[in-house]
Amino acid sequence: LLVMEAVDSGRLSLDESVPVSAHAAGMGGSQVYLKEGERLSVSDLIKCVAGVSGNDCAVALAERLSGSESAFVDQMNQKAQALGMEDTHFVNCTGFDEEGHYTCAQDVAVLARELMTGYGEQLTRFSTIWMDSLRGGETQLVNTNRLIRFYDGATGLKTGTTDAAGHCLCATATRDGLSLISVIMGCKSSDARFEESRQLLDYGFAGFTLY
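Residues numbered from 1 in each chain as written. Predicted model: local features only at pLDDT ≥ 70, side-chain atom pairs only at ≥ 80, totals over all residues. Heavy atoms only, no water.

Asker: Can you walk me through the environment of Arg39 in this structure?
Answerer: Along the polypeptide, Arg39 turns up in strand E2 (residues 39–41). As a C-alpha pair, Arg39 and Val18 span 21 residues in sequence and 5.2 Å in three-dimensional space. Not counting residues up to four positions away in its chain, the partners in contact with Arg39 are Ser17, Val18 and Pro19. A polar contact of 2.9 Å, which involves the side chain of Arg39, links it to the side chain of Ser17. (Helix = DSSP H or I, 4+ residues; strand = E, 2+ residues; numbered from the N terminus. Contact = heavy atoms within 4.5 Å. Polar contact = N/O pair within 3.5 Å; in protein donor to acceptor, adjacent residues only side chain to side chain.)

Asker: Would you mind showing me how to read the nonpolar core here?
Answerer: The tendency in soluble globular proteins is for nonpolar side chains to be buried as a group. Membership of the largest hydrophobic core comes to 46 residues, with the highest contact counts inside it found for Val32, Leu45 and Cys93. When residues of this core are traced back to their parent elements, those giving at least two are helix H1 (2–9), helix H3 (42–52), helix H4 (55–66), helix H5 (69–82) and helix H6 (105–127). Tallying contributions element by element places H6 first for this core, with eight residues. Discounting chain neighbours no more than four positions away, the residues touching Leu45 are Val18, Leu34, Leu40, Cys57, Ala60 and Leu61. Among the nonpolar cores identified, the runner-up in size contains 12 residues, and Ile148, Ala154, Phe194 and Leu201 belong to it. (Core = buried A, V, L, I, M, F, W, Y, C linked by side-chain atoms within 4.5 Å. Buried < 20%, exposed > 50% of the residue type's maximum accessible area, 1.4 Å probe, protein only.)

Asker: In this structure, what is going on with the pairing of strand E5 (residues 154–162)? I would like to understand it.
Answerer: In regular strands, side chains alternate between the two faces of the sheet. Relative to strand E6 (residues 166–175), E5 runs antiparallel, the two sharing eight bridges. Looking across to E6, one finds that Thr161 is bridged to His167. Hairpin connection of E5 to E6: three residues between the antiparallel strands. (Pairing = 2+ DSSP bridges.)

Below you can see the structure in the form of structure tokens.
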């Protein structure tokens, strides 16, 4: 959300080349194995965050916008408070398990709604990519959200997995002008989060209509 706001305001350009620091390159977890000193466009970094959960790319964007990950995290917490996310506190920008880093399903839904209502058209250009490549085809990218390929109307949004949180998914989909958000947390397997999300979205599309 902070990155999309920066792009919208002109503080950040999608074509801008962003340098990778040693800190960003050393993130671990889901990543595209950025190298210190490598440069990627803002567009490619967003694509990697949205599609393949690139922790290294998230930190590179954070450092570009705020100078450091910690300064960016402060902005994340300010934004969360402004949105009324009362059960959320961020300690990092990757989602890694860390003392004092937490959120809840409702707050994730609030954040997703703000993101998709404000920047949905721009963001879905990235979040709906199923397969793509990086570095001139050297690195293959496959979206971690399988619903993008297998659920009618899926528009995003983000998977997440840690030991503490389990397998999680905030899914968004649109059919006949009706857009829905589902949030699943704590699943014991990746397959379970997709099936549970599918059931929630099916329930929403079957039982609700725009009025």
